[in-house]
Amino acid sequence: MSQPVKKDGNHTEVLLVNSALVNCTGVAPMKCMQVRHSAQEPWGLFYTGIDGFTFEPGYNYRLKVQVTEVENPPADASS
């Protein structure tokens with residue numbers, strides 16, 4: 001379960017990452033990670049990278065990540 005969001009939008013949460021990249025479409029066709037917050041949730045697509053993390057196929061990951069809100073993101077990018 002994720003931590004409550006602080007006033008500035010920054011918080012820590014745990015992400016489960018599946019063992020393979022899947023085809024997805026952002027601005028163009030690409031490969032995405034599949035992530036979820038708990039084993040009971042369905043997998044969701046993660047379109048961007050995670051700073052300091054290098055995905056290697058064949059491994060399931062449990063990551064504790066610092067989520068930082070991006071100020072003034074481009075219109076086609078995640079905040």
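The coordinates are above.
Residues numbered from 1 in each chain as written. Predicted model: local features only at pLDDT ≥ 70, side-chain atom pairs only at ≥ 80, totals over all residues. Heavy atoms only, no water.

Asker: When you look at the pairing of strand S1 (residues 11–17) in this model, what are you seeing that I'm missing?
Answerer: Here is the key point about a regular strand: its side chains alternate between the two faces of the sheet. Burial of S1 is extensive: five of the seven residues sit out of reach of the surface. Bridging between S1 and strand S3 (residues 29–36) involves two bridges; their strand directions are antiparallel. Each residue of the ladder has a partner; that of Leu 16, found in S3, is Arg 36. (Buried < 20%, exposed > 50% of the residue type's maximum accessible area, 1.4 Å probe, protein only. Helix = DSSP H or I, 4+ residues; strand = E, 2+ residues; numbered from the N terminus. Pairing = 2+ DSSP bridges.)

Asker: Before we go on, may I ask you to explain the state of the cysteines in this structure?
Answerer: Here, disulfide denotes a covalent bond that connects the sulfur atoms of two cysteines. In total, this model carries one disulfide according to the counting rule given. Shown here is the disulfide that connects Cys 24 with Cys 32, its sulfur atoms set 1.9 Å apart. An S-S torsion of about 75° defines the bridge between Cys 24 and Cys 32 as right-handed. Here Cys 24 matches Cys 32 in class, with each residue buried. (Disulfide = S-S within 2.5 Å.)

Purely geometric numbers; function is a separate question.
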